[in-house]
Amino acid sequence: MYFFLCILSFMDLCVTSTILPRLLVDLVSGQRIISLVACIVQFYIVLIMGGTECLLLALMAYDRYVAICRPLHYPVLMRWSKCYQMTALVWILSFLVFVLPAFVNPVTLCYPNRINHFMCEVLAVLQLACGDIQNNLVSMLIICFIALFLPFLFILASYSLILSSVMKIRSAGRSKAFSTCSSHVLVVFFYFGTAVIMYFGPSSSYSTNNGKYFSLFSNVICPTLNPIIYCLNNSDVKEAQRKIFLK
């Protein structure tokens, strides 16, 4: 579990390090100009990290399924070599599904351009395209379906099996099992809920500031909340907090 949490923390660190410094500079500067190269780098880093996080959350759900439903087989099914292989597969799939189509089907941008956003986000960049972008929009919808709904369905199936197994055990073990899954469920709710609203909400939402707020929550607030959510479920952290409050 902590191996996957380290990877999740690394991805959150990459996203926030890509977005926040530029955002802080824009807030204190009157120019608010980003170069094309910096915009492209930001675009692809956010794209691959966001897609990888969707797949990683599904992999973490599988890890919890094996830990709760097949505990005796856990050391074999989730041995280090398997974890490395599954993690490598997640990164490879993320590149093939999210990054490669953007290279194969590039977008021609109009000049001068003004991004109605605080970052070079996919939907904001597509609004700057010249000519027909119907193929790009179709590709984006297909990619969003693969990135959001398929992993989410896999997570739902995993937790359905977990819930079925947990209901068969005694109440003492039940609370421990639910405690193991609660942090992950909360992170999945925040991440997938925000992403679905951003990419599958009303088409007019991105012409207003609502899209920017949801993107801010997904790319800045969620990575900030993830360590807090997982730490609060750690017994050592709880004990340290209890000692601090007692003092």
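Quantities reported herein were computed from a predicted structural model and do not represent experimental measurements.

Calculation criteria
Residues numbered from 1 in each chain as written. Predicted model: local features only at pLDDT ≥ 70, side-chain atom pairs only at ≥ 80, totals over all residues. Heavy atoms only, no water. UniProt positions renumbered as here; feature names shortened; annotations may be inferred. Helix = DSSP H or I, 4+ residues; strand = E, 2+ residues; numbered from the N terminus. Expected span 1.5 Å × (residues − 1). Buried < 20%, exposed > 50% of the residue type's maximum accessible area, 1.4 Å probe, protein only. Disulfide = S-S within 2.5 Å. Axes fitted to C-alpha atoms, helices over the stretch in contact; angles between N-to-C directions. Parallel < 35°, antiparallel > 145°, perpendicular 65-115°, else oblique. Left-handed = near helix turned anticlockwise from the far one by under 90°. Contact = heavy atoms within 4.5 Å. Nonpolar A, V, L, I, M, F, W, Y, C, P; charged D, E, K, R; others polar. Salt bridge = Lys/Arg side-chain N within 4 Å of Asp/Glu carboxyl O. Patch = residues over 30% accessible without salt bridge, like charges linked within 9 Å, V, L, I, M, F, W, Y side chains within 5 Å. Areas by Shrake-Rupley, 256 points an atom, 1.4 Å probe, with all protein chains shown as cover.

### Topic: the UniProt feature "transmembrane region" (unreviewed entry) in the protein
UniProt's entry tags residues 33-62, 83-104, 137-162, 183-201 and 213-233 with the feature "transmembrane region" (unreviewed entry), counted in the numbering of this structure. Overall, residues 83-104 shows 100% helix and 0% strand. The separation of its end C-alpha atoms is 31 Å. Secondary structure across residues 137-162 divides into 100% helix and 0% strand, with the first and last C-alpha atoms of the span separated by 37 Å.

### As for helix α2 (residues 36-69)
In this model α2 runs 49 Å from its N-terminal to its C-terminal C-alpha over 34 residues, within 8% of the 50 Å that 1.5 Å per residue would give. Counted residue by residue, α2 has 24 buried out of 34 residues, so it is predominantly covered.

### Quick notes on the state of the cysteines
Evaluation of the coordinates by the stated rule reveals one disulfide. At a sulfur-sulfur separation of 2.0 Å, the disulfide partner of Cys39 is Cys120. With the S-S bond torsion at -125°, the cross-link from Cys39 to Cys120 turns out left-handed. Of this pair, Cys39 sits in helix α2 while Cys120 sits in the loop between α4 (80-104) and α5 (122-126), and the two are 81 residues apart along the sequence.

### Structural notes on the packing of α4 against helix α6 (residues 134-166)
Remark: α4 packs on α6, axes separated minimally by 10 Å, with the N-to-C direction vectors making an angle of 165°. Between α4 and α6, the angle is such that the two are roughly antiparallel. The interaxial crossing formed by α4 with α6 has left-handed handedness. For the pair α4 and α6, contact is made by Val97, Phe98 and Pro101 and by Ile143, Ile146 and Ala147, respectively. Considered class by class, the residues forming the contact of α4 with α6 number six nonpolar, no polar and no charged.

### So, the pattern of salt bridges
Applying the stated rule across the entire model yields two salt bridges. Asp26 is the partner of Arg22 in a salt bridge, and the nearest nitrogen-oxygen pair spans 3.2 Å. Taken together, the positions of Arg22 and Asp26, both in helix α1 (residues 2-28) and four residues apart, correspond to about one turn of that helix. We note a salt bridge from Arg64 to Asp63, for which the minimum N-O separation is 3.7 Å. On the basis of relative accessibility, which here comes to 2%, the residue Asp63 falls in the buried class.

### Digging into a nonpolar patch on the surface
Taken together, Val138, Leu141, Ile142, Phe145, Ile146, Phe149, Leu150, Phe152, Leu153, Leu156, Val196 and Phe200 make up a surface patch of nonpolar side chains, about 960 Å² in accessible area. Elements with a minimum of two residues in the nonpolar patch: α6 and α7 (171-200).

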